[in-house]
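Below are the chains, spelled out letter by letter.
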Amino acid sequence: MGNDPAVHWRLPSAPRGSSVRLSGRFWPTLRDAPADAEAISHKLMVRAGLVRQLASGLYSFLPFGLRSLQRVTAIIREEMDHIGAQEVQLPVMHPAEIWEATGRYGLDEQFALKDRGGREMVLGMTHEEIITWHAAREIRSYRDLPQSWYQFQTKLRDEPRPKSGILRVREFTMKDSYSLDVDEAGLDKSYDAHAAAYARIFDRCGLVWYMVESDVGMMGGMGAHEYMAPSTAGEDTIARAPSGSYSANVELAVSIAREPDFGATPAAYEAFATPGIGSIDDLSAFTGLAAARLAKSVVLVGDDGPVLAIVRGEHDVHEKKIAHLIGRHRPAQPDEIQEWFGAAPGSLGPIGVSRVRIIVDQTIITGHYVTGANRDGEHLRGVVFGRDFTGEVADIRTVLEGEGAPETGEPLILEPVIEIGNIFKLGTKYSIPLDAKYLSADGHEQPIVMGSYGIGPARVLAAAIEQSNDEAGIVWPKALAPFDVHMVLVGDAESPQAQFADTLFNELSDMGFAVLLDDRPGTKPGEKFVEAELLGCPIRVTIGKRTLPDGPLEVQVRRDRQAHDIPLEGAAQALHALWQGLR
RNA sequence: CGGGACGUAGCGCAGCCUGGUAGCGCAUCCGCUUUGGGAGCGGAGGGUCGCAGGUUCAAAUCCUGCCGUCCCGACCA
């Protein structure tokens, strides 16, 4: 500290990294995006010289892209350390036996290979097994708990369809952490600590994000949340209430359905002819009834045989929700449907069906419906659940935009999102099969209660770009930009402008700014400006003829592209003040 | 896994249908001019037309197979 005048100005946020003079550096930009790039973040990351593709789902980070990635990881590391987590590094390649122990060996997404001795190995998709394996050997007593261990490590997944640049890839770095606790109360504390850290991380990264309830998967689990950054490039959809009172992945979202006016319930159902009617839309038009008053019958084939799923016509059966009930399944083929129901898809219904498991969405238990008669060209009206047919009742439908939030009834918003992180209460799912136990205070062996927590740093970058860009390029949140200040030198190396730029470069760097000085000789000013806006650092400073001898210094804020004139005297401090006001 | 498209110079594309010397823009290199919003003029280099086989006197072009990449859907610990 001492008397160094720069210390007073040292920036308080994430490590700033070093400043760079651009001349001679590797920064390949492109005027055009690759033809196969679709997502905005994909196009901009390639054009701005941040990444390059090696093969499908495999990306290399170039120097400037790596700087941004390192800023994300620095923020994550700070916040993980802040909650007392300890950083480790686990191998990428694992013996297959460990994965066999938890029944996760041989998954389609798993890269597998043999070593020279013929030993089966896998490349890690994640590291629950490995953490648990170590915990089983090192944790003996409740006195050794709780623990939280984290790492930044490469994950490999043989994705069926890599897409959208770095959003869905086959190899990526993940921050994954794992909590080890004596009981569920301990897990809750670890879980909450991670949730708090995640909130700080995503706020600091400048993202718009939601924490939503997420599917715990078919293995049970004890609760899970996902962190979602809204973006049209996202592959997931969430349902949320505008007030924030409710938000969930549509995979498990529930809602209050709109109730149609059913009118009086008939004393009995009756058949009527529906020649050529095969879809809900047709049937709705034919009968003049809203789709919500029609029952949609969907036939699925699970491991235990055929299943008839029934939802209102306006709804769809949700793949994940039904999977919780019947496990792996596929849509039935038309010939199978003919065999089981004696009718084609389009005239199916629950009445008169035997030997087929019937699962009915909750919405169906009220009202009376038009259903298929299981005879081609014929439907039934006035069909009432409980009176005319039965089945298991469950929530198996998708949520529709505008339906009511479960607590408040507010109209739900459906929004596409990028999953940037998740937190998961594992419980003893891994500790029991891998025999990770501790001895409790009263002398009993107990399984360790675990949680796992992931963040994809590269997805954080892509989400930030998706959320913040304009026609000129990236508009980085200031925490993630590869540089804080992008200086454009207009003038050759011997000019007074160059000398002034050098002085300011050093002064800003000493203050803790990461500065990029575009001192490339022979590059036209216009090209420098265009490339600066493509790269998207928060502040651009132009040093040219107009700057000297009396100023002012020309400064552009990237986000609003507003020009600011700053007196030369005290320019560095003024820039610092400007920078602090940015987000 | 189902459906669709594409693969020609570093990037973006034309040429293919109707077979006959491989082109354009940008980028790169050299020279001159230029120097505050992707410069101008002149010159130059760079391509086994994804791979293999077939048809043909002759294949970027037609046929077959394979590989790669992207998009839609399915799938996604």
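In this text, all values refer to a predicted model and were calculated from it rather than measured experimentally. Sequence positions are assigned chain by chain, starting from 1 and proceeding in written order. All chains are assigned letters beginning with A, and all ligands numbers beginning with 1, in the order in which they are written. Note on the predicted model: pLDDT of at least 70 is required for a residue's local features to be given, and 80 or more for side-chain atom pairs to be given and counted; whole-chain, interface and lining totals, by contrast, use all residues. Note that water and hydrogens are dropped before the side-chain values are worked out from all heavy atoms of the structure.

Draft legend 1. Structural view of the overall build of chain A. Runs of E in the DSSP output that reach at least two residues are strands. Runs of H or I that reach at least four are helices, and both are numbered from the N terminus. Regarding its fold elements, chain A presents twelve helices and 32 strands. In terms of principal-axis extent, the alpha carbons of chain A reach across some 95 × 65 × 50 Å. To sort residues, take the accessible area from a 1.4 Å probe on protein chains only and compare it with the maximum for the residue type: under 20% means buried, over 50% means exposed, and anything in between is partly exposed. Out of the 583 residues belonging to chain A, those deemed buried represent 52%. For this analysis, residues touch if any pair of their heavy atoms sits within 4.5 Å. Counting only contacts in chain A whose residues sit at least 6 apart along the sequence, the fraction spanning at least 24 positions is 69%. Charge counting treats Lys and Arg as positive and Asp and Glu as negative, with His and both chain ends excluded. A charge is said to be at NZ when it belongs to Lys, at CZ for Arg, at CG for Asp and at CD for Glu. Charged side chains in chain A number 58 positive and 81 negative. The centres of these two groups are separated by 3 Å.

Draft legend 2. Quick look at the protein's contact with RNA strand B. Nearness here has a simple test: a residue counts as near a molecule or strand if at least one of its heavy atoms is within 4 Å of that partner. In the region of RNA strand B, 39 residues are neighbours, and Arg 104, Arg 157, Arg 168, Glu 533 and Glu 554 sit closest. Backbone atoms, meaning sugar plus phosphate, form 52% of the atoms of RNA strand B positioned within 4 Å of the protein. Definition of a polar contact: a pair of N or O atoms within 3.5 Å, with one able to donate and the other able to accept a hydrogen when the atoms are protein atoms, and with sequence-neighbouring residues admitted only if both atoms are side-chain atoms. Between Lys 163 and RNA strand B, the recorded distance is 3.4 Å, taken from a side-chain N or O atom to a phosphate oxygen. Among the secondary structure elements, those contributing two or more residues to the surface near RNA strand B are strand S2 (51-55), helix H7 (319-326), helix H11 (525-535) and strand S30 (539-543). Top element by residues in the surface near RNA strand B is H11. It accounts for seven residues. Classification used: nonpolar for Ala, Val, Leu, Ile, Met, Phe, Trp, Tyr, Cys and Pro, charged for Asp, Glu, Lys and Arg, polar for all others including Gly. For the surface near RNA strand B, the class distribution of residues is 13 nonpolar, six polar and 20 charged.

Draft legend 3. Structural context of the sheet that holds strand S28 (residues 485-489). By this definition, two strands are paired if DSSP reports at least two bridges between them. Spatially, S1-S29-S28-S30-S31-S32 is the arrangement adopted by the six strands of the open sheet, whose pairing is mixed. Whereas interior strands pair on both sides, the edge strands pair on one side only; in this sheet they are strand S1 (20-21) and strand S32 (562-566). Sheet topology places strand S31 (residues 553-557) next to S32; five bridges connect them, and they run antiparallel. Bridge pairing in S32 links Glu 554 to Asp 565. Lines fitted to C-alpha atoms define the axes, with helix axes restricted to the stretch in contact, and inter-axis angles between N-to-C directions lie between 0 and 180 degrees. The sheet strands contacting helix H12 (residues 571-580) are S30, S31 and S32, and the helix crosses S31 at an angle near 10°.

Draft legend 4. Quick peek at the sheet that holds strand S5 (residues 93-95). The antiparallel open sheet is built from three strands, whose spatial order is S5-S7-S6. Looking at which strands have only one partner, the edges of the open sheet turn out to be S5 and strand S6 (112-114). Put simply, the sheet's adjacent strands are angled 35° from each other on average, direction ignored. Strand direction decides the pairing type here: S6 and strand S7 (residues 120-123), joined by three bridges, are antiparallel. Considered in S7, the bridge of Ala 112 is made with Val 122.

Draft legend 5. Region of interest: the confidence of the model for chain A. This prediction gives chain A a mean pLDDT of 91; 96% of its residues lie at or above 70. Low pLDDT, under 50, characterises residues 1-8; the predicted model gives this stretch two contacts beyond four residues in sequence or across chains. What pLDDT expresses is the predictor's confidence in each residue, scored from 0 to 100.

Draft legend 6. The arrangement of the pattern of salt bridges in detail. What makes a salt bridge here is a side-chain nitrogen of Lys or Arg within 4 Å of a carboxyl oxygen of Asp or Glu, nothing more. Taken as a whole and judged by the stated rule, the model has 35 salt bridges. In this structure, Asp 188 engages Lys 425 in a salt bridge whose closest nitrogen and oxygen atoms are separated by 2.8 Å. Here the residue Asp 188 occupies a position in helix H5 (residues 184-204), and Lys 425 occupies one in strand S22 (residues 413-427), the gap between them amounting to 237 residues. The exposure class assigned to Asp 188 is partly exposed, which follows from its relative accessible area of 32%. Among the residues examined, Lys 425 registers a relative accessible area of 15% and is labelled buried. The partner of Arg 546 in a salt bridge is Glu 554, with the nearest N and O atoms 3.8 Å apart. One connected set of salt bridges, linked through shared partners, spans Glu 78, Glu 79, Arg 200 and Arg 204.

Draft legend 7. Expanded view of unusual backbone geometry. Cis peptide bonds are those with omega within 30 degrees of zero, and the linkage from Leu 145 to Pro 146 qualifies with 0°. Along the chain, the position of Pro 146 falls in the loop between helix H4 (128-138) and strand S8 (147-156). In this structure, Pro 549 follows Leu 548 across a cis peptide bond, with omega equal to 5°. The phi angle at Asn 374 is positive, at roughly 60°, despite the residue not being glycine. Within the secondary structure, Asn 374 is located in strand S19 (residues 368-375).

Draft legend 8. Layout of the layout of surface pockets. The space that makes up the second largest pocket amounts to roughly 290 Å³. Taken together, 21 residues form the lining of the second largest pocket, with Lys 296, Ser 297, Val 298, Pro 345 and Gly 346 sitting closest to its centre. Of all the elements in the fold, those that place two or more residues in the lining of the second largest pocket are helix H6 (280-287), strand S15 (295-302) and S19. Here the lining of the second largest pocket takes six residues from S15, the largest share from any one element. Here the residues of the lining of the second largest pocket are counted per class, giving twelve nonpolar, eight polar and one charged. Every definition here rests on a 1 Å grid over the protein atoms only: cavities are sets of points where a 1.4 Å probe fits but cannot get out, pockets are open sets enclosed by protein on both sides within 12 Å along at least five of seven lines, and lining residues have some atom within 4 Å of a point. Grid points are joined across faces, edges and corners, and a volume is the space filled by probe spheres set on the points.

Draft legend 9. Examining the pairing of strand S10 (residues 210-213) more closely. Because side chains alternate across S10, one face comprises the buried residues Tyr 210 and Val 212, and the other comprises Met 211 and Glu 213, none of which is buried. Pairing of S10 with strand S11 (residues 224-230) involves four bridges; the strand directions are antiparallel. Residue pairing in the sheet places Met 211 in a bridge with Tyr 227 of S11.

Draft legend 10. Region of interest: the environment of Leu 66. Within the secondary structure, Leu 66 is located in helix H2 (residues 63-82). Through-space distance from the C-alpha of Leu 66 to that of Ala 112 is 29 Å; in sequence the pair is 46 residues apart.

Draft legend 11. Representation of the packing of helix H10 (residues 496-510) against H12 within the structure. Between H10 and H12, the shortest axis-to-axis distance is 10 Å and the interhelical angle comes to 50°. Taken together, the axis directions place H10 and H12 in an arrangement best described as oblique. The element H10 and its partner H12 pack so that their crossing is right-handed. Taking contact as the criterion, the partners of Leu 504, Glu 507 and Leu 508 in H10 are, on H12, Ala 572, Gln 573 and Leu 575. For the contact of H10 with H12, a count of residues per class yields four nonpolar, one polar and one charged. Roughly parallel refers to an angle under 35 degrees, roughly antiparallel to one over 145, roughly perpendicular to one between 65 and 115, and oblique to any angle outside these ranges. By definition, any crossing whose near helix is turned counterclockwise from its far helix by less than a right angle is left-handed, and any crossing with a clockwise turn is right-handed.

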